[in-house]
Amino acid sequence: MAIKRAVFAGSFDPITNGHLSLIKQGLKLFDEIIVLLAINPNRQYAYSLKHRLLMARIATKKIKHVIVDSTNGLTIDYAKKHQACALLRGVRNKKDIDYEISLANINQKLTNKIPTIFLVADEKSKFAYKFDVYYCCALLASCIFYIFCRIYNNYTVNTSKKS
């Protein structure tokens, strides 16, 4: 019997709990999920492809039947090549739905053999936006830098007193 495989494509910049929730929901419908980091040369990313792949692999490490990969081609071509039976997409709100439907229509014109399946993000992650994640990461980085400076300053002050 053939494996029911779905491709869950996105920038994953960075991967979030909302993405992980959708992956787990997808695994209730499919035997395997390929988390596909799509590369768009016209887009600015907060993290390099190497770091996004690493974050996605670490985040999905304990979830069975998940593969993390990347492509600089069309998602639909990747899905055909890897014998996926569906594209998996997550939606949080009406704005997402409008965008995702237009994307699904384009993919359907390219091939009508691979449908797009929409999953709704769970309530906890429904309103998490990338801006919030970036803000938290920047704040955390600032806090870590501040703590490091305090420790370093204390260390240099204490060691210079011993001399």
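Refer to the structure presented above.
Residues numbered from 1 in each chain as written. Predicted model: local features only at pLDDT ≥ 70, side-chain atom pairs only at ≥ 80, totals over all residues. Heavy atoms only, no water.

### Some words on the pattern of salt bridges
- Evaluation of the coordinates by the stated rule reveals 4 salt bridges.
- D77 serves as the salt-bridge partner of K80, at 3.8 Å between the closest nitrogen and oxygen. Taken together, the positions of K80 and D77, both in helix α3 (residues 75–81) and 3 residues apart, correspond to about one turn of that helix.
- We classify K80 as partly exposed; its relative accessible area is 42%.
- Overall, D77 belongs to the partly exposed group, its relative accessible area being 38%. (Salt bridge = Lys/Arg side-chain N within 4 Å of Asp/Glu carboxyl O. Helix = DSSP H or I, 4+ residues; strand = E, 2+ residues; numbered from the N terminus. Buried < 20%, exposed > 50% of the residue type's maximum accessible area, 1.4 Å probe, protein only.)

### Quick word on the pairing of strand β2 (residues 32–38)
- Of all the 7 residues making up β2, 6 are buried; the element is thus mostly covered by neighbouring parts of the structure.
- Direction of pairing for strand β1 (residues 5–10) relative to β2: parallel, over a ladder of 6 bridges. Pairing of V7 across the sheet is with I34, part of β2.
- Once the chain exits β1 it traverses helix α1 (residues 17–26) before rejoining the sheet at β2, and the crossover so formed is right-handed.
- As paired elements, β2 and strand β3 (residues 66–71) share 6 bridges and run parallel to each other. Looking at the pairing, L37 lines up with S70 of β3.
- Note on the crossover from β2 through helix α2 (residues 49–60) to β3: the handedness is right-handed. (Pairing = 2+ DSSP bridges. Right-handed = clockwise from strand over helix to strand, strands pointing away.)

### A few points about the sheet that holds β2
- Strand order in this open sheet of 5 strands is β3-β2-β1-β4-β5, and the pairing throughout is parallel. Every interior strand has two partners, whereas the edge strands, β3 and β5 (116–120), have only one. For this sheet, the mean inter-axis angle between neighbouring strands, taken without regard to orientation, is 30°.
- Sheet topology places strand β4 (residues 86–91) next to β5; 5 bridges connect them, and they run parallel. (Axes fitted to C-alpha atoms, helices over the stretch in contact; angles between N-to-C directions.)

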